[in-house]
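# Chains, contacts and geometry: an overview
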Amino acid sequence: MPQTVNAGESRIYGAELEGSYSLGNGLDVFGSAGLLKTEFTDFVLASGDLTGNEFPEAPAVTASIGANYEAANGFFVSATASYTDTYYSTGSIENDPALLIDSFTRVDAQIGYEVDNIRFTLYADNLFDSDYVTSKFNTSFGAAPIEATVSDPRTIGFEISAKF
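Rules behind the numbers
Residues numbered from 1 in each chain as written. Predicted model: local features only at pLDDT ≥ 70, side-chain atom pairs only at ≥ 80, totals over all residues. Heavy atoms only, no water. Salt bridge = Lys/Arg side-chain N within 4 Å of Asp/Glu carboxyl O. Buried < 20%, exposed > 50% of the residue type's maximum accessible area, 1.4 Å probe, protein only. Helix = DSSP H or I, 4+ residues; strand = E, 2+ residues; numbered from the N terminus. Polar contact = N/O pair within 3.5 Å; in protein donor to acceptor, adjacent residues only side chain to side chain. Contact = heavy atoms within 4.5 Å. Pairing = 2+ DSSP bridges. Axes fitted to C-alpha atoms, helices over the stretch in contact; angles between N-to-C directions. Phe/Tyr/Trp six-rings, centres within 6.5 Å; stacked < 30°, edge-to-face > 60°.

### What about the pattern of salt bridges?
Taken as a whole, this structure holds two salt bridges when the rule is applied. The partner of Arg106 in a salt bridge is Asp108, with the nearest N and O atoms 3.0 Å apart. Glu114 is the salt-bridge partner of Arg119, the closest N and O atoms lying 2.7 Å from each other. Assessed through its relative accessible area of 23%, Arg119 is described here as partly exposed. For Glu114, a relative accessible area of 25% translates into the label partly exposed.

Here you go:
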């Protein structure tokens, strides 16, 4: 059974930067970047010394970039690419290499038309159907087996929304 424990001391440093810019004629571009440094500076348990380990679920780098275009006639299109650096899965305070999540990139897009406050949108999440792991679990609390949660597959959908 999982147990909650407290670290003696830890540090976390980070920075985020985001921006957007209108290029005119309905075209906007945007992006963001995040940097993160985490460390347990005093974390000793009966099972061992975890001092110096990174926090789980804390990628050192995240970034995204995208663009939106909205034409005067109601047509619109947008796309976003997002990157997540490697990180240790939830519960891996030991920084177990078997529970390290590889970096991944995901692209989402949508296209549509808006008229009289009604918006019709065709969207694709995970446009390129990328397979990536989002978390891992050591189900035997030993060397193996490892179970993983993987990304959602490409999802294509249609949405209608209205503003009143």
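From this point, the narrative continues.
### Focus on the side chain of Asn126
Locating Asn126 in the fold gives a position in the loop between β10 (118–125) and β11 (133–138). In terms of polar contacts, Asn126 uses its side chain to reach the backbone carbonyl oxygen of Asp152, at 2.8 Å. Apart from residues no more than four positions distant in its own chain, Asn126 is found in contact with Arg106, Val107, Asp108, Tyr132, Ser151, Asp152, Pro153 and Arg154.

### Things to note about the sheet that holds β10
The antiparallel open sheet is built from seven strands, whose spatial order is β1-β2-β5-β6-β9-β10-β13. Whereas interior strands pair on both sides, the edge strands pair on one side only; in this sheet they are β1 (9–24) and β13 (155–162). Taking each pair of neighbouring strands and ignoring which way they run, the sheet shows an average axis angle of 15°. Bridge count for strand β2 (residues 27–42) against strand β5 (residues 61–70) is nine bridges, and the pairing is antiparallel.

### Topic: unusual backbone geometry
You will see that Asn25, though not glycine, has its phi angle at about 55°, which is positive. Among the secondary structure elements, Asn25 is positioned in the loop between β1 and β2. On the basis of relative accessible area, Asn25 is assigned to the exposed category, the value being 76%. Of note in this structure, Asn117 is not a glycine but carries a positive phi near 65°.

### Some words on the pairing of β2
In this structure, β1 lies alongside β2, joined through 15 bridges in antiparallel fashion. Residue Ala15 lies in a different strand from β2, and its bridge partner there is Leu35. Between β1 and β2, which pair antiparallel in sequence order, lie two residues; one of them, Asn25, sits at a positive phi of approximately 55°.

### A short note on the packing of aromatic side chains
Counted by the stated rule, this structure contains four aromatic pairs. Look at Phe40 and Phe55: their rings are 4.8 Å apart centre to centre, the planes differ by 35°, and that puts the pair in the tilted class. Within this pair, whereas Phe40 is found in strand β2, its partner Phe55 is found in the loop between β4 (48–49) and β5, the two being separated by 15 residues in sequence. Grouping residues by exposure puts Phe40 and Phe55 together as buried. Between Phe120 and Phe158, the aromatic rings sit 6.5 Å apart at their centres with planes inclined by 25°, giving stacked as the arrangement. Here Phe120, found in strand β10, pairs with Phe158, found in strand β13; they are 38 residues apart in sequence, far enough to count as distant. The exposure class assigned to Phe158 is exposed, which follows from its relative accessible area of 53%. What links up through ring pairs into an aromatic cluster is the set Phe40, Phe43 and Phe55.

### Looking at the pairing of β5
Two strands pair when backbone bridges link them, and β5 and strand β6 (residues 75–84) are joined in this way by nine bridges, in the antiparallel orientation. Following the sheet pairing, Ala67 is matched in β6 by Ala79. Taking the residues that link successive antiparallel strands as the turn, the β5-β6 hairpin has four residues, and the phi of Gly74 there is positive, at about 105°.

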